[in-house]
Amino acid sequence: MSSGKDYGYTWHLSLRVDRPVEGCNLRPHAYMYSKKLDERDIDKPMPLYSKRAPHQPAQHEFHFRWFRGPMQEPCAYSGCPRRTSFSPHDWSSYALGGGCSLQCVSTQSSLFKANFCNSNCFVQAWKTQYTIRRPSPVDEEIDIDSPNDDCRADSSSPTLMHSYQSYNDFGASVEDTEEWVEVSQDAVFTTSAEDVGRKIKVECTAVGMDGEVLLRRAVKTDLVLARAPDPIKRNLVTMKGTGNGNGTRFRVVTYNILAEIYATQQMYPYCDFWALSWDYRFQNILRELKEVAPDVMCLQEVQADHYETHLYQALNDAGFEGVYKQKTRASMGISGKVDGCAIFWKKSKFHLVESYSIEFNELAQRQCQVLGMNPRSEEGAAYLNRLSRDNVAQLIVLEFAQPSSSRNS
C-alpha cells in the first residue's frame, strides 16, 4: 500500500450542464484541474470524481455519454400549474420568486418522499396530509438530489428537505441504470420534444492520450423545459440622414451580444437560468441578425470560444466572412473565456483589402511616454489605471466584389 508521501497532487474533474430547453444544444462544461496535496488531507476520503496522484494531470481528452431519464412529476401538489405545463415562462415565475425544490422527509406523513417545486406548494399540500405509522427507517435511504444541502425539522413540524443546486452530482457509478436510456455519445446533445419533462444525465470520462481512464463523473440536469416562444421581433434603431448619396447602398449593423461570462444571475437577477443560457440566446441572436439582412456586422462582447464554436461557422454558412480580436486581458479561468470584437461582411458583396486591430493598453503606454510621465509615478500610475481597461478595436477596409464606376471602396 502506497504511503501518502507518494502523492503530491489531487486531481479533480469539474462538470456542469446548463438548464436544458427543448431544441437547444447541451454543451458540457468539463475540465480537469489539480491541487497540491496538503499533508493534513492525506487520509481524508476523496469524492468519486477526484483522486490522488504523484504528478499533475497529463494531456487528456473527454468522452461523453448522454442518457434520457424517466418522466417525472415535478410537484406533488395537485394545484401546481407546473404539473401540467413545462413552459419556461411558467417555471420562471416560481424560480425568480426564490422558489427551490423541496422533499418531505417526515416518515410519519402521507407526503413522505413527495417532491414539491417550492415552499408554497409544500405548505398547501401539508394542509391535506395525514399521519401514517411506519417502521423507523434506520437503514432506509432518502432519495434526494443534494444530500449536503438539506435542512430538517423534528417530526412534529412540517418536515422538508431543500435542494438548492441546479446541477446534481451522482459520481461515477450510477445505481439507477435501468431507468436511464443512452441516447448519444457525441460531445453535444440537442434536446427534443421527447425529452420535455425528463432529466438528462451526462457522463464525462477523462482519458489520457495513452487510453488510460483518468477520472469519470456524471451530472444530472433539471427537467427539460418546452421550447420557449420566439421573442417579439424588435425594430433596430436606424440612423437618419444616411444613404442619401448616389453610390451603392449597403447596411451596417452593430450589436452587443452579451458574452456568456457576463450573463450571470448576479448581473441579471430578473432572468431565469434558461433565458441566460448561451445556446438558447445564440439561436435568437442568430435569427435576429439574419432578419435585419445586414451587409456588414460589427459585434461586441463576442466570447473567444463562441466565435470559434458558434458564430463563425453559423455566419459563414449564411454567406459571411469575418475577423476577430479578443481583449488583452487573461481568460477567466479557462482558455477562450474572454470577450472581444468581431466584424463580418457578406462575401458576395465585399472582399477584404486590409485589417487592423488596436489595443488600447498599448496606446495608453505610448501616450504616457509622449506626455513625459513616469509610469511608476503616482501621476503615471493613475493615468494608466484609468485608460488600461484591456479594450480593443477593429478596423477593416472592404472593397466591392463587383466594382463599377459608381462604387468606391
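**Q** When you look at the nonpolar core in this model, what are you seeing that I'm missing?
**A** When a protein is soluble and globular, its nonpolar side chains tend to lie buried together. Core analysis: the biggest nonpolar cluster contains 19 residues, and W11, M32, W66 and V202 have the highest contact counts within it. When contributions to this core are tallied by element, the ones reaching two or more residues are β1 (9–16), β5 (60–71), β12 (198–208) and β13 (213–223). Residues F282, L286, L299 and A314 belong to the second largest nonpolar core, which totals 17 residues.

**Q** Would you mind showing me how to read helix α6 (residues 360–370) here?
**A** Because each turn of an α-helix spans 3.6 residues, side chains separated by three or four positions end up pointing in the same direction. Of all the residues in α6, the buried ones are N361, A364 and C368. What you see down the axis of α6 is that its buried residues fit within an arc of 55°, all on one side. Of the exposed residues in α6, the ones pointing more than 90 degrees away from its buried face are Q369 and V370. Trailing α6 by a residue or two, G372 shows a phi angle of about 75°, which is positive.

**Q** Looking at this model, I keep getting lost on the pattern of salt bridges. Mind explaining?
**A** Proximity of charged atoms lets side chains of opposite charge pair with each other. Taken as a whole and assessed by the stated rule, the structure comprises 19 salt bridges. With its nearest N and O atoms 2.8 Å apart, the salt bridge here joins D18 to R16. A relative accessible area of 12% means that D18 is categorised as buried. By relative accessible area, which is 34% here, R16 ends up partly exposed. A salt bridge links E359 to K325; its shortest N-O distance comes to 2.7 Å. Of the two residues, E359 sits in strand β18 (residues 350–359) while K325 sits in strand β16 (residues 320–326), which places them 34 residues apart along the sequence.

**Q** I'm lost on the packing of aromatic side chains in this one. Help?
**A** How two aromatic rings sit relative to each other is given by the distance of their centres and the angle of their planes. Tallied over the full model, the rule gives 14 aromatic pairs. Considering the side-chain rings of F250 and F400, the 6.0 Å spacing of their centres and the 75° angle between planes classify their relative orientation as edge-to-face. With a gap of 150 residues between them, F250 in the loop between β13 and β14 (252–256) and F400 in strand β19 (residues 392–400) connect regions that are remote in the sequence. With a relative accessible area of 41%, F250 lands in the partly exposed category. With a relative accessible area of 6%, F400 lands in the buried category. Judged by centre distance (6.1 Å) and plane angle (90°), the ring pair of Y268 and Y270 falls under edge-to-face. When its relative accessible area of 21% is taken as the criterion, Y268 is described as partly exposed. Note on Y270: relative accessible area 58%, which makes it exposed. One cation-aromatic arrangement involves K201 over F67; the distance from NZ or CZ to the ring centre is 5.6 Å. The ring of Y49 has R217 sitting right over it, with the charged end atom 3.4 Å from the ring centre.

So, how was this worked out
Residues numbered from 1 in each chain as written. Predicted model: local features only at pLDDT ≥ 70, side-chain atom pairs only at ≥ 80, totals over all residues. Heavy atoms only, no water. Core = buried A, V, L, I, M, F, W, Y, C linked by side-chain atoms within 4.5 Å. Buried < 20%, exposed > 50% of the residue type's maximum accessible area, 1.4 Å probe, protein only. Helix = DSSP H or I, 4+ residues; strand = E, 2+ residues; numbered from the N terminus. Arc of directions from axis to C-beta. Salt bridge = Lys/Arg side-chain N within 4 Å of Asp/Glu carboxyl O. Phe/Tyr/Trp six-rings, centres within 6.5 Å; stacked < 30°, edge-to-face > 60°. Lys NZ or Arg CZ within 6 Å of the ring centre and 35° of its normal.

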